Every structure is written in C-alpha cells, then in structure tokens.
Number of protein chains: 2
Amino acid sequence: MTGSNIRRSMPLFPIGPVMQLTELTARQIRYYEEHQLISPARTDGNRRMFSLNDIDKLLEVKDLIDQGVNMAGIKHLFALKNQEANPILKAEKTERELSNDDVRRLLRKEIVQAGRFNLPTSNPGNMNRFFH
Amino acid sequence: MTGSNIRRSMPLFPIGPVMQLTELTARQIRYYEEHQLISPARTDGNRRMFSLNDIDKLLEVKDLIDQGVNMAGIKHLFALKNQEANPILKAEKTERELSNDDVRRLLRKEIVQAGRFNLPTSNPGNMNRFFH
DNA sequence: AAAATCATGTGAGGAAATCTGACATGTTAT
DNA sequence: ATAACATGTCAGATTTCCTCACATGATTTT
C-alpha cells in the first residue's frame, strides 16, 4: 500500500458529512454496511468513521443502484474489481512506512484535489453554507 | 477560485477528526478561532465544520506556536500571506463554475491523496484503529 | 392476484460528541 | 511581582449518531 492509499483508507468522516457528500441518507448508508458493501471503522464510542475509499464506494453503490443493480449484484461487482486489482497489487513493491518527511514532502505539493465528490445537482443552491 | 480550491474550502470535518489530524486539543482549536486565525463553518446545529484549508492553517499555527510566535504574530503572518497571494489571484482567469461533468472528469483521475496531514509522531501506534 | 422480498422512511430511547462559559494553572513578558 | 498568554478542566445544555423496530411502496416470485 502506498502513502496515498494509506490516506485514502484513513477513517476521517462521521456519517453526517458523508451524507452530504454522497447525497445518501443515513439509513441507506447503514443499510449498505449491513449488506457489507462497506465496512466503515468505528470510534471508541461506536460511531462510524468513513474513509475516502468508503465514500468512493458509496458513490459507486449509488450509481449502480440508480442503474437497477441490487445489493447482491453490487457485492459481486466489487468482488470482481478486487480480483482485478489484487494481482497488480501483489506485483507492487513491498510496503514501506511513510516517514514524517515523506509526508511533508508529499503535502508540500498540491494535495487533496478532494475526492470524487458529487456536487449536488438536484438543489444547486444548497452548498452555500459550505463556503466562507 | 478553481475547482480544487472550492474543494479545499468545503467544510467537511467536525472537530474530532481535526483534533486527531492536527494533534491539537479542542480547547486549542477553539482558542485559535477565538483569535480569528481560523473561521470554521457551522452546521445548523452550531457545530464547527472544518475545511482542508482550515486544517492547513491549524497546522501552520501549530508550527508557529512551537516557534514561539503568538496569536497576534500569526495573525499578521497570515495577513501577509494573503497579500502575496491575492494579486496572483486577481491575475487569474475569471471564476468559472464547475459543471458536473467537470467534477466527474476531475474525480475520475486520482484524487484526494488526502491533505497535508501530520501522521502523529508522538504515539506511533495510535492510528491502528484507523485502518481496516 | 397474493405473497414475499427489497430498499428506504420514520420514530423512540439512549449514548456520544460538541457547544459555551467559567475558573484554574503554568509560562513568558513587563 | 504582576500581568498577559496559552491551555487544562469541569458543568450543563444541545446536537448528532446509535440500534432496533415497524411501516411502506415497488418489484419479483409463486
């Protein structure tokens, strides 16, 4: 796993922001977890914490649901995707921990062009409170 | 403002994750806000929501504090930084709203290599619960 | 068509996270 | 030594999130 992948799997978001970013309800998100499409981390206090990977997946789920695919189908699709990805990953060079300097260096350059977020289309004004 | 800047100023994080990412206490973060070094957004329920820009700033504040600079000094430094940045910004091409397709395109490629986060150094084991 | 399944809504009751405000404390500057 | 600064800590209130249960409309199966 590379540094950026580590970051992509760092659980940062509670469910609230995830709802806004994905335009899914809490109920939907929990339901998808129930069906093991995602496995968000938990805080000590048992609250879900989502990584950017989780959010990515949720957006894919949303797309697929919109296209009529059901839980089982999505699960299979995700499994396939992993089959494709893994052999590549196996060929990848061995995991290396990031030094803090690595982090610094990485971060000095642009970063976070943020992550595959759907800016809401349905209600084009509702992000106003987001910018200051 | 470019698309990625919009994203950098999108309030995504409640104070909890920000504490972990910056290794600052809630008290410190609120104190810095009190002294107007940051201006996190608020939810409808009055909770602070921090953007990546805010987190950036907090990390700078932390560095400067460590170097003995006080609130007033940091405030001036930030002001200077903006003075430098703004003329460039003014020369920048006029603001253009992102279409959803723009977003899609942006997001298809790598994204979020996450953002200038200090992986805690003091307690190298304490991120374990973060990866799954 | 009736029954079952699916995906989601909704509400209750409780626990966790965050809020503001006040006071305490160790450090640095005057 | 006093004052100003930066942070810790506590209390009480509010918000967010949790699980569990039941309701409901849409599809699929029988």
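Please read these numbers as outputs of a predicted model, since none were measured by experiment.

**Regarding the overall build of chain A**
On a plain count of helices and strands, chain A comes out with six helices and two strands. Counting from the amino terminus, helix and strand elements in chain A follow one another as α-α-α-β-β-α-α-α. By residue count, 43% of the 132 residues in chain A fall in the buried class. Considering only contacts in chain A between residues 6 or more positions apart, those separated by 24 or more positions represent 62%. For chain A, the accessible surface area stands at approximately 7,700 Å², while carbon and sulfur atoms represent 51% of it.

**Quick notes on the pattern of salt bridges**
Going through the model one piece at a time under the given rule, you end up with eight salt bridges over all chains. The salt bridge involving Glu23(A) is made with Lys62(A); its shortest N-O contact spans 3.6 Å. Of this pair, Glu23(A) sits in the loop between helix 2 (15-22) and helix 3 (26-34) while Lys62(A) is found in helix 4 (residues 52-66), placing the two residues 39 residues apart along the sequence. Ionic pairing is found between Lys81(B) and Glu60(B), a salt bridge with its closest N-O pair at 3.0 Å. A residue pair is termed long-range when its members are at least 10 positions apart, and Lys81(B) in helix 5 (residues 71-91) and Glu60(B) in helix 4 (residues 52-66) qualify at 21 residues.

**Considering the protein's contact with DNA strand C**
In the vicinity of DNA strand C, 19 residues are found, and the nearest of them are Thr25(A), Gly16(B), Arg30(B), Arg47(B) and Arg48(B). Taking all atoms of DNA strand C within 4 Å of the protein, the share assigned to sugar and phosphate is 69%. Within the side chain of Arg27(A), a nitrogen or oxygen atom sits 3.0 Å from a base oxygen of DNA strand C. Gly16(B) is positioned with one of its backbone polar atoms (N or O) 2.8 Å from a phosphate oxygen of DNA strand C. Secondary-structure elements contributing two or more residues to the surface near DNA strand C are helix 3 of chain A together with helix 2 (15-22) of chain B. Top element by residues in the surface near DNA strand C is helix 3 of chain A. It accounts for four residues. Residues belonging to the surface near DNA strand C are distributed by class as follows: six nonpolar, seven polar and six charged.

**Comments concerning helix 3 (residues 26-34) of chain B**
Residue and element names in this part refer to chain B. Taken as a whole, helix 3 has its buried residues at Ala 26, Ile 29, Tyr 32 and Glu 33. Take helix 3 and look down its axis: the buried residues cluster within an arc of 130°, on one side only. In this structure, helix 3 carries Arg 27 and Glu 34 as exposed residues pointing more than 90 degrees from its buried face. Looking one or two residues beyond helix 3, the residue adopting positive phi is Gln 36, at roughly 60°.

**Observations regarding the protein's contact with DNA strand D**
Among the 19 residues in the neighbourhood of DNA strand D, the closest are listed as Arg30(A), Arg47(A), Arg48(A), Thr25(B) and Tyr32(B). For DNA strand D, the backbone makes up 70% of the atoms found within 4 Å of the protein, where backbone means sugar plus phosphate. Gly16(A) places a polar main-chain atom, nitrogen or oxygen, 3.0 Å from a phosphate oxygen of DNA strand D. Tyr31(B) places a polar side-chain atom, nitrogen or oxygen, 3.1 Å from a phosphate oxygen of DNA strand D. Elements supplying a minimum of two residues to the surface near DNA strand D: helix 2 of chain A together with helix 3 of chain B. Top element by residues in the surface near DNA strand D is helix 3 of chain B. It accounts for four residues. Of the residues contributing to the surface near DNA strand D, the split by class is six nonpolar, seven polar and six charged.

Cut-offs applied
Residues numbered from 1 in each chain as written. Chains lettered and ligands numbered in written order. Predicted model: local features only at pLDDT ≥ 70, side-chain atom pairs only at ≥ 80, totals over all residues. Heavy atoms only, no water. Helix = DSSP H or I, 4+ residues; strand = E, 2+ residues; numbered from the N terminus. Buried < 20%, exposed > 50% of the residue type's maximum accessible area, 1.4 Å probe, protein only. Contact = heavy atoms within 4.5 Å. Areas by Shrake-Rupley, 256 points an atom, 1.4 Å probe, with all protein chains shown as cover. Salt bridge = Lys/Arg side-chain N within 4 Å of Asp/Glu carboxyl O. Near = heavy atom within 4 Å. Polar contact = N/O pair within 3.5 Å; in protein donor to acceptor, adjacent residues only side chain to side chain. Nonpolar A, V, L, I, M, F, W, Y, C, P; charged D, E, K, R; others polar. Arc of directions from axis to C-beta.

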